[in-house]
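# Report on the structure
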Amino acid sequence: MQRGRGISRRALLAGAGTAAATIAAGAAALPRSKVKAWDGSTDVLVAGSGAAGVSAALAARAAGARVTLIEALPKLGGSSAMSGGVVYAGGGTELQRALRVEDSVEQMFAFLSRAGAPHPPLDKLQRYCEDSVAHFDWLLDQGVRYTEKFTAAKGLPMGDESLYFSGTEQAWPARELATPAPRGHVPGLQGMNGGRHLMEVLLQRARGAGVTLRTRVAAERLVVEDDGRIAGLLVRDNDQPRALRVRRGLVLACGGFIHNRAMLQRYAPQLFDCSVPWGNAGDMGAGINMGIAVGAAALRMHQGFAIAPVYPPEHVLSGIVVNASAQRFISEESYHGVLGDAIAYHQGGRAWLITDKGADFGMHQDNFVMAGEANTIGDLAVNIGFPSGALQHTVAYYNRFAETGEDPLFRKSAPYLRPLLGAPYRAWDLSVDRAFFPAHTFGGLHTTVDGQVLDSFGDAIPGLFAAGRTTAGLPMAPYIASGLSVGDCTYFGRRAGRAVAAHPVGAA
Ligand SMILES: Cc1cc2nc3c(=O)[nH]c(=O)nc-3n(C[C@H](O)[C@H](O)[C@H](O)COP(=O)(O)OP(=O)(O)OC[C@H]3O[C@@H](n4cnc5c(N)ncnc54)[C@H](O)[C@@H]3O)c2cc1C
């Protein structure tokens, strides 16, 4: 993936959306009595070859189970292999210690539990933070490569640095809720190749450990015993229907549903209009639908990662972001997932970045269209169609305090805070349907910390486990830091794998 050259990212991902139309989204469950004969059997069956599925498969295999992992697409790795590979880790990981970064489990937990969505799943958060050092050690043990290099720059490192502030830790109000520490752990490779490396390493491990990996095999229907236990799975194996029996359990790790337009319209309408479905073509919601079909509860289905990537370059953060009423509504330096969430979910999907002569994107970005340019703020406001006088008031108020180093509304930090002074003034369109505005889903099946899928009464569905974006895990809206999704997938994937391997045959 190259920035600003050749085919644009927008065009590339629009193509990914077209391919998705051919992948099935799951179907209703089938009673065991309707299956005449099984075409194969295994202890543990994992559906989906992303970070969650492969981590689950590795853990189940390490616990002694026979494991088969099926992948609907011809290629293994899912969205995880497309990703930056950032894992949110802290509390004093080996990399943090090597770089003399001070952190603690308490501060990591304080940030994750207080800076984002209300009422986060504290049981999952607590285990994730307490085990973070050990989980990072596990990634190292698998062979994932990190460099002992830190960068203070905002945004995913494009050099080979492996530690950075991947979230909104330093922006207000987060910096007052917990002591900021860099916790974005990214494989030490040039460019956006971390996810590919991470998945190559984990898949290599899975092969070596004896996990059976199958491509072009899509999970379609759960097979259920009379007592509700999961007996197996109907799959489409290279276009042939097959019935696979599972002795211990099934792990659904089929990713989210950003490419399923009908599900988006129904569950997550704010994400429907975002310009770029940000995920691999298999993100059709099959795992979630199959779980719901056997009575699983689904949580936070409307939530997702809506991203307004205004930085880099960081100097544009000295501009101001305003809504359709020309009012500021956030500190511009906020992590781009926090900014994107505010625009998509709380401002009707519309916003503009206003810059002056000292802050410009330059010629080489294609993320945001310039919506207007003028020599005065007043003319710019008319140009965009803001309510009469509103932008002038907003800029005058902002400038008055910025001159003295203050931002009473959103406490923007000093490096980005200065008055807007000097033409040309420009407005950049950050609207969800006009800007480069990637999105993917967070909602999914309700699970225990060990991946057991729960129904709406909180009871486990016997033999059914899930992990990653098929579940409602740590990523919530607003998404406060890169690395929470792959971190959640690998950590809770492993927990699900251990639990399903220990699940007694025929037991709840
Ligand atoms: C460009 C990009 C960059 C990102 N960067 C980061 C980052 O750095 N850090 C981070 O935390 N998050 C990042 N994310 C988000 C993150 O990659 C995903 O949320 C995460 O990888 C999801 O992992 P998963 O295992 O749940 O699903 P996936 O990795 O998508 O794997 C699911 C797999 O299941 C398969 N599947 C679907 N249906 C079926 C079926 N019926 N039967 C069998 N198989 C099926 C799919 O084809 C897919 O291969 C990024 C996303 C993108 C698109």
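Residues numbered from 1 in each chain as written. Predicted model: local features only at pLDDT ≥ 70, side-chain atom pairs only at ≥ 80, totals over all residues.

### Remarks on the overall build of the protein chain
Looking only at helices and strands, the protein chain features 16 helices and 22 strands. In summary, the protein chain has a C-alpha radius of gyration of 23 Å against a globular reference of 23 Å for 508 residues, a match within 12%. Principal-axis analysis of the C-alpha atoms places the extent of the protein chain at approximately 75 × 45 × 45 Å. Within the protein chain, buried positions represent 55% of all 508 residues. Pairs at least 24 residues apart make up 78% of the contacts formed inside the protein chain by residues separated by at least 6 positions. (Helix = DSSP H or I, 4+ residues; strand = E, 2+ residues; numbered from the N terminus. Rg over C-alpha atoms; globule rule 2.2 N^0.38 Å. Buried ≥ 20, exposed ≤ 12 C-beta atoms within 10 Å, placed from the backbone. Contact = placed C-beta atoms within 7 Å.)

### Some remarks on helix α14 (residues 377-384)
When α14 is considered as a whole, its buried residues turn out to be Ile377, Leu380 and Ala381. For α14, the arc enclosing every buried residue in end-on projection is 100 degrees, short of the 170-degree limit, so these residues lie on one face. Of the surrounding secondary structure, the elements contacted by the buried residues of α14 are β17 (369-374), α15 (390-402) and β18 (425-429). Of the residues one or two after α14, Gly385 is the one with positive phi, at around 90 degrees. (Arc of directions from axis to C-beta.)

### What to know about the site of the ligand
Near the ligand there are 41 residues, and of these Gly48, Gly50, Gly78, Gly282 and Gly468 occur at the shortest range. Secondary structure elements with two or more residues in the shell around the ligand: α2 (51-62), α3 (78-82), β9 (217-224) and α16 (484-501). In terms of residue count, the dominant contributor to the shell around the ligand is α16 (five residues). Counted by class, the shell around the ligand contains 18 nonpolar, 20 polar and three charged residues. (Near = placed C-beta within 6 Å. Nonpolar A, V, L, I, M, F, W, Y, C, P; charged D, E, K, R; others polar.)

### What about helix α12 (residues 286-293)?
The element α12 is extensively covered by neighbouring structure, given that six of its eight residues are classed as buried. Those residues of α12 lying buried are Ala286, Gly287, Ile288, Asn289, Met290 and Gly291. Once α12 finishes, Gly295 follows within two positions and takes phi at roughly 100 degrees, a positive value.

### Quick word on the environment of Pro182
Among the structural elements, Pro182 can be located in the loop between α8 (174-177) and β7 (184-185). Taking the C-beta count within 10 Å as the criterion, Pro182 has 22 such neighbours and is therefore assigned buried. Residues Pro182 and Val322, 140 residues apart in the sequence, show an inter-C-alpha distance of 29 Å. Leave out the neighbours within four places in its chain, and Pro182 touches Val101, Phe150, Leu163, Tyr164 and Phe165.

### Quick look at the domain arrangement of the protein chain
You can read the domains of the protein chain as domain 1 (25-82 + 194-253 + 285-303 + 442-501), domain 2 (87-185) and domain 3 (308-429). A separation of 43 Å is found between the C-alpha centroids of domain 1 and domain 3. Residue-level contacts link five residues of domain 1 with five residues of domain 3. In terms of residue class, the side of domain 1 that touches domain 3 is made up of five nonpolar, no polar and no charged. (Domains from an automatic or database assignment.)

### A closer look at the environment of Met370
One can find Met370 in strand β17. What makes Met370 exposed here is the crowd of 12 C-beta atoms within 10 Å. In the structure, Met370 is positioned 332 residues away from Trp38 in sequence and 59 Å away in space, judged by C-alpha atoms. Not counting residues within four places of it along the chain, the set of residues in contact with Met370 comprises Arg426 and Trp428.

### Details of the pairing of strand β3 (residues 67-70)
Burial of the side chains of β3 extends over both faces: Val67 and Leu69 are buried on one face and Thr68 and Ile70 on the other. Traced from strand β2 (residues 40-47) through α2 to β3, the parallel crossover comes out right-handed. For β3 and strand β8 (residues 212-214), the ladder comprises three bridges, and the chain directions are parallel. Directly across from Thr68, in β8, lies its bridge partner Thr212. (Right-handed = clockwise from strand over helix to strand, strands pointing away. Pairing = 2+ DSSP bridges.)

### What to know about the packing of α2 against α16
Here α2 crosses α16 at 35 degrees, and the two axes come no closer than 7 Å. Once α2 is placed against α16, the crossing between them reads as right-handed. Residues Ala51, Ala52, Gly53, Ser55, Ala56, Ala57, Leu58, Ala59 and Ala60 of α2 touch α16, and the partners they reach there are Val486, Cys489, Thr490, Gly493, Arg494, Ala496, Gly497, Arg498, Val500 and Ala501. Tallied by class, residues from the contact of α2 with α16 come to twelve nonpolar, five polar and two charged. (Axes fitted to C-alpha atoms, helices over the stretch in contact; angles between N-to-C directions. Left-handed = near helix turned anticlockwise from the far one by under 90°.)

### Comments concerning the sheet that holds strand β19 (residues 438-441)
Read across the open sheet, the three strands follow the order β12-β19-β14; overall the sheet is mixed. Looking at the sheet topology across the chains shown, the edges are occupied by β12 (276-277) and β14 (304-306). Bridge count for β14 against β19 is three bridges, and the pairing is antiparallel. Note that in β19 the partner of Ala306 across the bridge is Ala439.

### Quick notes on the sheet that holds strand β15 (residues 320-322)
With respect to topology, four strands assemble into an open sheet ordered β15-β16-β18-β17, the strand pairing being antiparallel. Strands at the two margins of the open sheet, each flanked by one partner only, are β15 and β17. In this sheet, adjacent strand axes meet at a mean angle of 25 degrees when their direction is disregarded. The sheet contact formed by β17 and β18 spans five bridges and is antiparallel. When the bridges of β18 are listed, Glu373 appears paired with Arg426.

### Some points on the pairing of β19
Because side chains alternate across β19, one face comprises the buried residues Pro438 and His440, and the other comprises Ala439 and Thr441, equally buried. Here two bridges tie β12 to β19, and the two strands are oriented parallel to one another. Bridge pairing in β19 places Val276 opposite Pro438.

### Observations concerning the confidence of the model for the protein chain
When pLDDT is averaged across the protein chain, the result is 93; 94% of the residues are at 70 or more. Contacts for the low-pLDDT stretch residues 1-21, under 50 throughout, to residues beyond four places or in other chains number 21 contacts. (pLDDT = per-residue confidence, 0-100.)

### Quick notes on the environment of Glu333
Its location among the elements puts Glu333 in the loop between β15 and α13 (336-346). With 13 residues separating them in the primary sequence, Glu333 and Ile320 have C-alpha atoms 9.7 Å apart. Setting aside anything within four residues of it in sequence, one finds Glu333 in contact with Ala171, Leu317, Lys412, Ser413 and Tyr416.

### As for unusual backbone geometry
Residue Pro173 follows Trp172 across a cis peptide bond; omega there is 5 degrees. Note on placement: Pro173 falls in the loop between β6 (163-164) and α8. Positioned with a positive phi, His119 is a non-glycine residue whose angle comes to about 50 degrees. With respect to the helices and strands, the residue His119 is situated in the loop between α5 (105-114) and α6 (122-130). In this structure His119 comes out as exposed when scored by C-beta crowding, with 7 C-beta atoms within 10 Å.

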